[in-house]
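Residue-level structural notes
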Amino acid sequence: MDTIGNTSQNISQFFSWNSLPDVLKSILPQHYTYSIINFNELPSYQTAEDFVIPQFELDVFVDVNDKEKASEWFVAFQSWSKTMMPETKHYEIKGKYVLFRETRHCIHSDTVKKKQGSREVKRQNSLRLRNTSCKATIHLRLESWRVELSHPLEVNIKFTHNHVINSAESLSFRRVNEKVREKFLQLFKDGYSPASAMYVHEDELYLSSTDEQDLLVLLADRANNPDYDYIAKLFQKYRETSLGDRNGSLMFRRLVDVVNEYNSSGRGKAILQEYDSRTGKALILCVVTGLMSRVHEKIPQSCEICYVDASASFEPLNTSITLLCTSCAVGALPLGLFITSDELEITLEKALNLLKSILPQHAFFGRGPLLGPKVILTDDSSAERNALELCWPEGIRLLCSFHILQAFWRWLHNSKHHINKEDRVTIMAKMKEILYAQTGSDMYTHYDEFKQQFYHHYPQLRKHFELLWERRCFWALSFRSELHMRGNNTNNYIERSFGILKDIVFARTQAYNCVQVFQFVTTTMERFYALRLLSLAHRHTGHLRIAKRFLCPGWDTVNMDTIQKSNVEHEFYVKSVNNANLFYTVNSEIGTCTCPIGASGAPCKHQGAVSVKFHISTFNFLPSLTSNDRMVYAYIALGYTAKDNSFYASLHAEFTPQDQESLQVTMKKSGSNASNASVEFRGSIEEVDNTSTFIDFLEEIKEDYQNGDVQLRTALNKLAERYKAAKMKSVPRLVSFLYDMNRDLDPTIKIKSGPMIRVQVESVKRRKTEGSGRKRKLPASIIKNKENLDPQAIPSRKTKQAGKKEHNLSKNVLKNQPN
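Residues numbered from 1 in each chain as written. Predicted model: local features only at pLDDT ≥ 70, side-chain atom pairs only at ≥ 80, totals over all residues. Heavy atoms only, no water.

A closer look at the overall build of the chain
- Looking only at helices and strands, the chain features 30 helices and 19 strands.
- By the burial criterion, 43% of the 819 residues in the chain qualify as buried.
- Counting contacts in the chain only where the partners sit at least 6 residues apart, residues at least 24 apart contribute 61% of the total.
- Carbon and sulfur atoms make up 51% of the accessible area of the chain, which amounts to about 46,500 Å² in all. (Helix = DSSP H or I, 4+ residues; strand = E, 2+ residues; numbered from the N terminus. Buried < 20%, exposed > 50% of the residue type's maximum accessible area, 1.4 Å probe, protein only. Contact = heavy atoms within 4.5 Å. Areas by Shrake-Rupley, 256 points an atom, 1.4 Å probe, with all protein chains shown as cover.)

Structure follows, in structure tokens:
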């Protein structure tokens, strides 16, 4: 097809975008065909900076046949040509002949300024004045009689700009794209401030761009990269429309709408009591998300133990969030929460009753919302504990042992109580013996020693401790021997949950008001726990911090040959490692053992040995989880699982003795065909037991040793040494050594295990201690003897030791200083 000439022409041919001249390709969008009627090139315009701008007039018809598509074409035209042309004349469509008609001018024209109204310009000579008296226009017209034609949309363009249209300054005046605007609104909804949202958006532009020149245009173009003033104003408008006011009736109107919308969405349940100072009503907002409901349904520990604690400083009004959660091998999982304007007993009682009204009927693993959990672990807050007693009288209320010891240590350090400094550590040690005593008789013995040793010296201590002693059933561990505490006697799990809430969900910033707090809880917090559960369900556990006790440690020290199966289902007898005459009873179904550690349901090595030997899945150990167990975690996270169950299949699946028994039972039920299959199965087992295969393997190793190089023989010699060393200790240790040789193929080994659950978030974040950097400084002796030390490695400077005391109770007790 012939190209278009430089003079005025009347052309009735159809042009695809690829066949257009370059000057038209730069302004007409792709994916359309054009019928050019007139193309008149005008003399070029030269700016004061000697930049040449092409000028032309174009009359063209486009293959667009309705009003909506015409608007889409114009949006594409603005995006492709990097221009912004607001509507300057609106035509009222009265008849049936014209379907769509618009006239638009360049945003830098006088006409646009007049159309938008007279606004006083404070600085007449400012370089940021938008108006350059540009005369460029575009006219669009769609008539009904042309709809049947191939190219019905008429477009008249006067490309007479007096400025460079794709310069950085011209692009900075373009209007923000609607998709970009919606993206910023979503970032605001996720808790981003104007500044952080802008940084995130700019980072995404950097990452999404593959061409250096495109990146320059993207960053300069206001349509894709808005300025901070626009983002700040959009954020202010978002707060007014989506969040309401910071306080008062306007905020509660918006909060009512948000709660009703959430309840109708099916993602969870919430109930609100509005604040009213005239009637004495406190603010109460209770929330049970879909994930929380599924935790009640599928996690057995939700009926055994519930941690309750409150925290504030989430938004300017300083309302309090009270969180209920349980614990399992994954960590802490939420059961519900409520937000209150105060922490009075009457307010907390009302909040708990409202929370009970929206809890599912299967709450607390089937116990129901009225009965509540068996054990409730709290801090020593009288208002909170009294409210829990009124709402769930069947529940056993216990105190966190850490907070009891911390409060007692602070009492000893109070100068008003006149406790000698040299006696504080001794008194604290005796208090620990009373608290951690395993039996009642031991506890009373330590109590008598405590009285005889300190009561006659310190009358105030006698009065204070007698009050504590009257409440010993709440804090002494000897009263918890019959309860399924799972080894948890502190509120560390919920302390860490509040750390997650402040660090990750609220990103260390205060929410705007209670509406945004509600949105954070129902969206960001829900998403965090869902992703954490999915990482375990999908065996992507490399980034999780999981307590070591859930990884089945120490099972290899138990002699597997001595484990006996009881006549009772799910019960096993395991010989003690230290006492050959002592046997412990393990119940694999409920995850308990009669040893001191496993008596309360905590994971112990005896349970681990039973799980490893008999390939039994138990919720106390992550490595024992089957594909069905991981499906449960996926269901809790999302409310659904993969359609194909093989999605959760294990990479290293084994055929266990239980599988053999169940297969034989199935074969007996299925008749003669099953008996033939049983014979085949028995034959396969006999082949596995045949030692000839293993002898062949040893012969192969012998041949490799004789014919291999020095490196291979050295490695096999090392293997023999380690084999003998492990065998000398015990046969289970040898078995463990042989299994550990394949540790890189076991994904559960890669789970990171922290030494303890992190608590006291605020103090830890502000604490500055020596060696707190990412890289640990090596001792001088190691550095001196280290070979190939980089001569350009700069030695780390000595850090100034902070004067702030470390917030660690056990260390401060040893140092005899306040905690």
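Here the narrative resumes.
Regarding the sheet that holds strand β15 (residues 396-399)
- An order of β9-β10-β13-β12-β11-β14-β15 is seen for the seven strands of this open sheet, with the pairing classed as mixed. The open sheet has two edge strands, β9 (268-273) and β15, and neither has a second partner. With strand direction ignored, the average angle separating the axes of adjacent strands in the sheet is 25 degrees.
- Bridging between strand β11 (residues 305-311) and strand β12 (residues 320-328) involves five bridges; their strand directions are antiparallel. Bridging from a neighbouring strand, D309 pairs with L323 of β12.
- Along the sheet, helix α10 (residues 290-298) makes contact with β9, β10 (284-289), β12 and β13 (331-340), crossing β13 at roughly 125 degrees. (Pairing = 2+ DSSP bridges. Axes fitted to C-alpha atoms, helices over the stretch in contact; angles between N-to-C directions.)

Here's the deal with the nonpolar core
- Residues F188, F518, M525 and Y633 are the most contacted members of the largest nonpolar core, which totals 104 residues.
- Ranked by residues supplied to this core, first place goes to helix α20 (residues 514-537) with 14 residues.
- Sequence-distant contacts of Y633, that is, excluding residues within four places in its chain, are made with I299, V330, L533, L536, A537 and L625.
- Listed in part, the 31 residues of the second largest apolar core include L405, M443, L461 and F465. (Core = buried A, V, L, I, M, F, W, Y, C linked by side-chain atoms within 4.5 Å.)

A short note on the pattern of salt bridges
- One pass over the structure, following the stated rule, counts 15 salt bridges.
- Residues R104 and E102 are paired through a salt bridge, measuring 2.9 Å at the closest nitrogen-oxygen approach.
- Assessed through its relative accessible area of 14%, R104 is described here as buried.
- Put simply, K430 and E449 hold a salt bridge, and the shortest N to O gap is 2.8 Å. Of this pair, K430 sits in helix α15 (residues 421-436) while E449 sits in helix α16 (residues 440-454), and the two are 19 residues apart along the sequence. (Salt bridge = Lys/Arg side-chain N within 4 Å of Asp/Glu carboxyl O.)

Thoughts on the pairing of β15
- Relative to β15, strand β14 (residues 375-378) runs parallel, the two being bridged by four bridges. Its bridge partner being in β15, V375 is matched across the sheet by I396.
- Considered for its hand, the β-α-β crossover made up of β14, helix α13 (residues 382-391) and β15 is right-handed. (Right-handed = clockwise from strand over helix to strand, strands pointing away.)

Some details on the environment of F74
- Tracing the backbone shows F74 in helix α2 (residues 67-81).
- Assessed through its relative accessible area of 5%, F74 is described here as buried.
- Setting aside residues no more than four positions away along its own chain, F74 makes contact with M85, R104, I138 and L140.

Regarding the side chain of R222
- Summarising the element assignment, R222 is placed in the loop between α7 (212-220) and α8 (228-243).
- Looking at R222, its side chain comes within polar contact range of the side chain of D227, at 2.7 Å.
- Once residues within four sequence positions are removed from consideration, R222 is found in contact with L171, S172, F173, R174, R175, V176, D227 and Y230. (Polar contact = N/O pair within 3.5 Å; in protein donor to acceptor, adjacent residues only side chain to side chain.)

Side note on helix α12 (residues 345-358)
- The terminal C-alpha atoms of α12 lie 20 Å apart, and with 14 residues this matches the ideal 20 Å at 1.5 Å per residue to within 8%.
- Those residues of α12 that fall on the buried side of the exposure criterion are T347, L348, A351, L352, L354, L355, K356 and I358.
- Residues of α12 that are buried sit in contact with β9, β10, β12, β13 and α13. (Expected span 1.5 Å × (residues − 1).)

With respect to helix α17 (residues 459-470)
- An ideal rise of 1.5 Å per residue puts 16 Å on twelve residues; α17 measures up with 17 Å between its terminal C-alpha atoms.
- Those residues of α17 not exposed but buried are L461, F465, L468 and W469. Relative to the axis of α17, the buried residues are bounded by an arc of 95 degrees and lie together on one face. The exposed set on the far side of α17, more than 90 degrees from its buried face, consists of P459, K463 and E470.
- Along its buried surface, α17 packs onto α14 (401-413), α15, α16 and α18 (472-475). (Arc of directions from axis to C-beta.)

Geometry only, nothing functional implied.
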